[in-house]
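Secondary and tertiary structure notes
Chain residues, written in single-letter form:
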Amino acid sequence: MATPDMFWTYAGTIGTYLIVLVVPGILIGAAAGLRGWALAGLAPSLTYMAIGVTGPWLATAGLPFTVATAASSVLLLTGLAAGARLLTLRRRRRREPVAAGTDPAAPGDPAEPPTYWSGRAHTAVAACVLAATAVSIVAVLSAAGGTTAVFQRWDTVFHANGVRYIAETGDGGLYGMATVNFYPDGAFYPNAYHLVGSLVYTLTGASIPTVLNSITVPIAGIFALSLVAVVRQFGGRAVFAGSAAIVAGSATTGAYESVSSGLLPFALGLVLTPVGVVAAQRFLKRPDLDTGMVLGLTAAGLLAAHSSALFGAILFTAPMLVQRWLRREGKVGRDLLYLAAAGVVGFIVSAPHVIGAMAFKSSGGSSVQPWVTVIPVGEALKQVATFQQILDEPQMWLTVLLVTGILGIRTLGSMRWIAAAGVGFSALFVLVASYSSLPWVITISQPWWSDRYRLMALAAIPLCLLAGHGLAELQRWLAKAFSGLAWVQVRPRVPGRIGLASAVVIVCSLATVTGGFYTNANATAVAYAYHNGPETEETEPPVSAFEVAAMLEMGRLADPGERVLNDRKDGTVWLYAISGVQAVAGHYNPGSAPPDARLLANHFREYASNPEVRAAVERLGVRHVLLGSGSITPDIPRAPGLRDLDGLPFLERVFSNPDAVIYALTK
């Protein structure tokens, strides 16, 4: 189901999002001394940090969140990062005199990657990241069935309404956007995703569904970029980095499955999670003001994007720390003290998030209702090893690469900790998939809502790196085999080209056997989010084209400031996101509906005889009723107060189409 935006509007919105995604982060990262793939990989998380902390701090100060105030905040953070870098350089000059005009932090900076990549290697890796991004764009667009499709899953409407709310009100606080449904007080929710989306919406004027899709299409490309940054930072080969990027664009259980479930901010946080270890390793290699600030800001960015991203990054970093201590590359006490100091920076920057999360937890708002599953352990292990959870077919070629990577673990060198991360994350998934009702399993998996789909995505991070390593090992073996041939050894120029040629052969072979890096399979997975999957062929989507048309008409009919009465189960909860008109029900979730909303849902038909109903109508400013035909829960009937409204003396039908009807209140 699509909203009426033109293709070029959509293309421009994607371009605008990519600019918003990278420019603030590059400014801040470059000012802090980041360069190369570390800068590229950390830029998205630094952007979400800058925008994500700006909104809450502005709200605390009573100031609006706008393009101008967001840009000012980015410049302020850039200045602070530059100041930390300048102080670092001055301190190092005093300790280590160098020739005039040279940068004392380069090229011998311990924080920088220990291995050299040629210009051709950098270009090849960049091509792999672009290829992963292209696969991501094709998969999402083909899954949506249109460039402006409306997401159909549960929480996507909350995110859609939140983006529009921030753009229209300028309220960047952590409670405000939830007032679209949880009025009058709202509810705590980290909103970096929505703040960035509101900037894109304001700059482009595109529809909200177009904005959400624009943020979604490059999701696997961001994942690929993050994995490349990890490999580069720890001295991996360029072939390994490029291979990891290709696998990131291919694995369904990575970014795509999270999008499939409608977990849009979670998917964002997931693909940013790997860069936490990059910032941590840089800081521990050279503890100083600039590297400490980068780590603190990165942690704040992960927290602002999605709280589970910070927890995931900490778990992902833990095996690296253990390996570092076992190799006596660092001291436990000193490293933990330094990390705590950098954490203070992150705490200060993201204080509204931390305080809000603590208050939310203390009020009982974070209690988890586990998704109870009892999958046999063997089946759970099979799912995680074959990158398969919601699809019918396993991604066996990625399994082959994973096994190859594990067999070649010796050549991982300083990155062997990835194998430990893979074991730990996979074990966490198996626990939740097979023993989700055990209290202690619920407790340790709370940051991911004890949801096996989220934990499968978390496990995909190290498993994609291991599979990428397997692809790189195949290239190494192929190159070694050809280099030993007599006709190669007698031609001086050929051996130098064997590496590139073998990499091209391996990647092209993977593309062939996987049908274009599993693009069709990933599109099938993402299609669930748009009600385009094979399982939805016989059911009506919650939001249909006719319902969108009715919502747009409602935008023309509604009085200023009114809330339109609607059913919580049908697609009209998208009314605010689509037309800018507030609805009585702004989310599918029935468990947290405001009292007036519950009253009207159950008793509106009694309007003529029930003074409490009339009082609620007056409080909310209800002048119209909008009902759709689809339902997010088709097995549950419409709310009793909204059934059989035709013929009631206080209502007049003013608009209808095959899927929706609008009534005007006449008395």
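Scroll up for the structure.
Okay, so let's go over this structure.

**So, helix 18 (residues 396–407)**
Spanning twelve residues, helix 18 covers 16 Å between terminal C-alpha atoms, matching the ideal 16 Å at 1.5 Å per step. Every buried residue of helix 18 is listed here: Leu398, Thr399, Leu401, Leu402, Thr404 and Gly405.

**So, unusual backbone geometry**
Here the amide bond leading from Tyr183 into Pro184 is cis, since omega sits at 5 degrees, within 30 degrees of zero. If you trace the backbone, Pro184 turns up in the loop between helix 5 (156–169) and helix 6 (192–204). Not every positive phi belongs to a glycine, and Phe387 is a case in point at roughly 50 degrees. Looking at the secondary structure, you find Phe387 in the loop between helix 17 (377–385) and helix 18. In this structure Phe387 comes out as buried when scored by relative accessible area, which is 1%.

**Topic: the sheet that holds strand 4 (residues 651–657)**
Remark on secondary structure: sheet strands pair via backbone hydrogen bonds, oriented parallel or antiparallel. Overall, mixed pairing links the five strands, which are arranged 2-1-3-5-4 in an open sheet. Here the strands that pair on one side only, and so sit at the sheet edges, are strand 2 (582–583) and strand 4.

**Here we look at helix 15 (residues 332–349)**
Across its 18 residues, helix 15 extends 26 Å between first and last C-alpha, which sits within 8% of the 26 Å expected from 1.5 Å per residue. For helix 15, the full list of buried residues reads Asp335, Ala342, Gly346 and Val349. Each buried residue of helix 15 lies within a common arc of 60 degrees when the element is viewed along its axis, so the set occupies one face. Opposite the buried face of helix 15, at more than 90 degrees from it, the exposed residues are Gly333, Leu337 and Ile348.

**What about the packing of helix 4 (residues 119–144) against helix 9 (residues 238–250)?**
Interhelical geometry of helix 4 versus helix 9 gives an angle of 5 degrees and a closest axis separation of 8 Å. Between helix 4 and helix 9, the interaxial angle falls into the category roughly parallel. Within the contact between the two elements, helix 4 uses Ala121, Val125, Cys128, Val129, Ala131, Ala132 and Val135 and helix 9 uses Ala238, Ala241, Gly242, Ala245, Ile246 and Gly249. Class assignment of the residues belonging to the contact of helix 4 with helix 9 gives a composition of eleven nonpolar, two polar and no charged.

**Looking at the state of the cysteines**
Working definition: the covalent bond between the sulfur atoms of two cysteines is a disulfide. Applying the stated criterion across every chain yields a total of zero disulfides. Take Cys128: it sits in no disulfide, and the sulfur closest to it among the cysteines is that of Cys508, at 10 Å. Residue Cys508 is classed as partly exposed on the basis of its relative accessible area, which comes to 44%.

**Details of the environment of Glu168**
By secondary structure assignment, the location of Glu168 is in helix 5. For the pair Glu168 and Leu478, spaced 310 residues apart in sequence, the C-alpha separation works out to 57 Å. Those residues in contact with Glu168 that sit more than four places away from it in its chain are Tyr201, Tyr576 and Gly580.

**Remarks on the packing of aromatic side chains**
For the coordinates displayed, the defined rule picks out twelve aromatic pairs. On the basis of an interplanar angle of 85 degrees and a centroid distance of 5.7 Å, the ring pair of Phe604 and Phe650 is categorised as edge-to-face. Of this pair, Phe604 sits in the loop between helix 27 (595–603) and helix 28 (611–620) while Phe650 sits in the loop between strand 3 (624–628) and strand 4, and the two are 46 residues apart along the sequence. Considered together, Phe604 and Phe650 belong to a single accessibility category, that of buried residues. Here the aromatic residues Phe234, Phe316, Trp417 and Phe425 are joined through ring pairs into a cluster of three or more. Positioned above the aromatic ring of Trp117, the side-chain terminus of Arg232 is 4.5 Å from the ring centre. Across from the ring centre of Tyr183, 3.9 Å away, lies the NZ or CZ of Arg563, which sits over that ring.

**Let's talk about the side chain of Ser198**
Relative to the helices and strands, Ser198 is located in helix 6. If we ignore the near neighbours within four places in the chain, the residues touching Ser198 are Phe65, Val163, Ile166 and Ala167.

**Details of the pairing of strand 4**
Note that strand 4 and strand 5 (residues 660–665) share six bridges and pair antiparallel. Paired with Ser656 across the strands is Val661, a residue of strand 5. Between strand 4 and strand 5, which pair antiparallel and follow one another directly, the connecting turn spans two residues.

**Section: the pattern of salt bridges**
Enumeration over the complete set of coordinates arrives at 17 salt bridges. One salt bridge connects Glu168 with Arg164, and the closest N-O pair in it is separated by 2.8 Å. Note that Glu168 and Arg164 are positioned in helix 5 at a spacing of four residues, about one turn of the helix. Take Glu168: its relative accessible area is 41%, and that puts it in the partly exposed class. You can call Arg164 buried: its relative accessible area is 10%. Across the pair Asp646 and Arg653 runs a salt bridge whose closest N-O atoms are separated by 2.7 Å. On the basis of relative accessibility, which here comes to 47%, the residue Asp646 falls in the partly exposed class. Through salt bridges with shared partners, a single network forms among Arg85, Asp109, Arg286 and Asp290.

Cut-offs and rules
Residues numbered from 1 in each chain as written. Predicted model: local features only at pLDDT ≥ 70, side-chain atom pairs only at ≥ 80, totals over all residues. Heavy atoms only, no water. Helix = DSSP H or I, 4+ residues; strand = E, 2+ residues; numbered from the N terminus. Expected span 1.5 Å × (residues − 1). Buried < 20%, exposed > 50% of the residue type's maximum accessible area, 1.4 Å probe, protein only. Pairing = 2+ DSSP bridges. Arc of directions from axis to C-beta. Axes fitted to C-alpha atoms, helices over the stretch in contact; angles between N-to-C directions. Parallel < 35°, antiparallel > 145°, perpendicular 65-115°, else oblique. Contact = heavy atoms within 4.5 Å. Nonpolar A, V, L, I, M, F, W, Y, C, P; charged D, E, K, R; others polar. Disulfide = S-S within 2.5 Å. Phe/Tyr/Trp six-rings, centres within 6.5 Å; stacked < 30°, edge-to-face > 60°. Lys NZ or Arg CZ within 6 Å of the ring centre and 35° of its normal. Salt bridge = Lys/Arg side-chain N within 4 Å of Asp/Glu carboxyl O.

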